[in-house]
Amino acid sequence: MKRVLITGAAGFLGSHLCDRFINEGYHVIGMDNFITGDPKNLAHLTEHPNFEFVEHDVTEFVSVEGDLDYILHFASPASPIDYLKIPIQTLKVGSLGTHNLLGLAKAKKARILIASTSEVYGDPLVHPQSEDYYGNVNTIGPRGVYDEAKRFQESITMAYHRVHGLETRIVRIFNTYGPRMRLNDGRVIPAFIGQALRGEDLTVFGDGSQTRSFCYVDDQIEGIYRLLLSDYVYPVNIGNPHEITIKEFAEEIIKLTGTQQKIIYKELPQDDPLQRQPDITLAKKLLHWEPKIDRAEGLRITYQYFKSLPKEELYKTEHKNFKNHIKL
Ligand code: NAD
Ligand code: UDP
């Protein structure tokens, strides 16, 4: 049985990856320190004979007993409000954490896939964004802690590939959504659906003309799985190219949820990218992959999930674990 280590396992994407690899017949070791994740995301796996969980901060030396075939490094805050609250942890997990996992991959002769992001393109001057675009990132702006951690992560991963011949894969993930996102993580989909469910107005930042392209989680996981099993070492965009303005998106959520509330406008956060759309030509060619689930269907499933959560989840303003983990 092949053995895979998944960091960030208690998070949104990490927990879906655990499910996928369990379903594919792997032995899965999930690792997380719960800084933005939630044990509930893995509750259904805890009794599974092929699943084990290790609570660990990957910025500290990482040790795993036994062989490993694959490592998927997904540990990192991912939402702007999370990484603005814990900027140093964000820089550390992308840099020190990635270094630890590359070292582990080398020791175990394992293939490693790291979770990069469309944020490496910053506020892009090229549209849509293809992998050969170098990006436009403000290193010292508030978002720089995430963007630069991820850019460093890509660099050190390529260095391990070139110097040590490590088998490496880099996925550049564009905005992905679905069940198990944290309702209070501040990303636009849980934010708008949470507001609709609480009967609050929907907060559009700026004039809402900025664009995003939203990918449903099952499509994202399929792309990542195919990339891991491919033999391509350079970054690959995985995302849904169907682009929409945030204002139009808020209107879609109003329709979907039937809320009587209206849109209100708030200040656009600094360095908020004005447009984002993945060019997925490479993924199509290389992985024979493209998204299958359109936004209407993905949002229906996601809305049902948020609606089914216990009422008290709706009113949690901050992640309960932030306070326990603030050790800079
Ligand atoms: P998430 O916050 O739900 O999950 C991240 C997980 O990593 C959490 O469970 C958290 O507790 C864990 N973690 C953070 N720091 C850690 C540390 N030092 N040690 C151990 N565990 C730690 O976020 P997500 O959306 O699931 O994102 C997962 C990965 O995918 C991240 O690397 C993120 O940068 C990347 N990504 C996600 C998206 C997206 O749209 N969801 C887009 C681009 C990139
Ligand atoms: N956004 C918004 N209202 C909110 C939350 C987010 O208008 O309550 C906007 C945000 O400014 C950005 C877009 O929605 O332009 C996507 O934000 P998100 O935090 O989901 O991810 P990003 O792509 O910025 O990392």
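Predicted model only: the values in this text are computed from it and were never measured.

Cut-offs and rules
Residues numbered from 1 in each chain as written. Chains lettered and ligands numbered in written order. Predicted model: local features only at pLDDT ≥ 70, side-chain atom pairs only at ≥ 80, totals over all residues. Heavy atoms only, no water. Helix = DSSP H or I, 4+ residues; strand = E, 2+ residues; numbered from the N terminus. Buried < 20%, exposed > 50% of the residue type's maximum accessible area, 1.4 Å probe, protein only. Areas by Shrake-Rupley, 256 points an atom, 1.4 Å probe, with all protein chains shown as cover. Core = buried A, V, L, I, M, F, W, Y, C linked by side-chain atoms within 4.5 Å. Contact = heavy atoms within 4.5 Å. Pairing = 2+ DSSP bridges. Right-handed = clockwise from strand over helix to strand, strands pointing away. Phe/Tyr/Trp six-rings, centres within 6.5 Å; stacked < 30°, edge-to-face > 60°.

Trainee: Sorry, what's going on with the overall build of the chain here?
Mentor: Counting its secondary structure elements, the chain contains 10 helices and 13 strands. Oriented by its inertia axes, the alpha-carbon framework of the chain measures out at about 55 × 45 × 40 Å. Here the chain holds 328 residues, and the buried ones make up 58% of them. As displayed, the chain has an accessible area near 14,400 Å², and 52% of this comes from carbon and sulfur atoms.

Trainee: Please clarify how the nonpolar core should be interpreted in this entry.
Mentor: Note on soluble globular proteins: their nonpolar side chains tend to be buried together. One finds Ile6, Phe21, Val28, Leu72 and Phe74 to be the most contacted residues of the largest nonpolar core, which totals 58 residues. With residues near it in sequence (within four places) discarded, Val28 still touches Val4, Ile6, Cys18, Phe21, Ile22, Asn50, Phe51 and Glu52. Membership of the second largest hydrophobic core comes to 23 residues, among which are Met31, Leu68, Ala75 and Leu166.

Trainee: Can you walk me through the pairing of strand S6 (residues 168–173) in this structure?
Mentor: Consecutive side chains along a regular strand alternate between the two faces of the sheet. With 6 of 6 residues buried, S6 lies mostly within the body of the structure. Side chains of S6 alternate between two faces, with Thr168, Ile170 and Arg172 and Arg169, Val171 and Ile173 buried alike. With 6 bridges joining them, strand S5 (residues 111–117) and S6 adopt parallel strand pairing. By the bridge assignment, Thr117 is partnered in S6 with Ile173. Each parallel crossover has a hand, and for S5 linked through helix H4 (residues 144–164) to S6 it is right-handed.

Trainee: Please clarify how the packing of aromatic side chains should be interpreted in this entry.
Mentor: Remark: the centre distance and the inter-plane angle together describe each pair of aromatic rings, the angle taken between the planes. Applying the stated criterion across every chain, the model contains 13 aromatic pairs. Aromatic pair Tyr177 and Phe214: ring centres 6.5 Å apart, planes at 85°, arrangement edge-to-face. With Tyr177 in strand S7 (residues 176–177) and Phe214 in the loop between strand S9 (211–213) and strand S10 (215–216), this pair connects stretches of sequence that are 37 residues apart. Note on Tyr177: relative accessible area 1%, which makes it buried.

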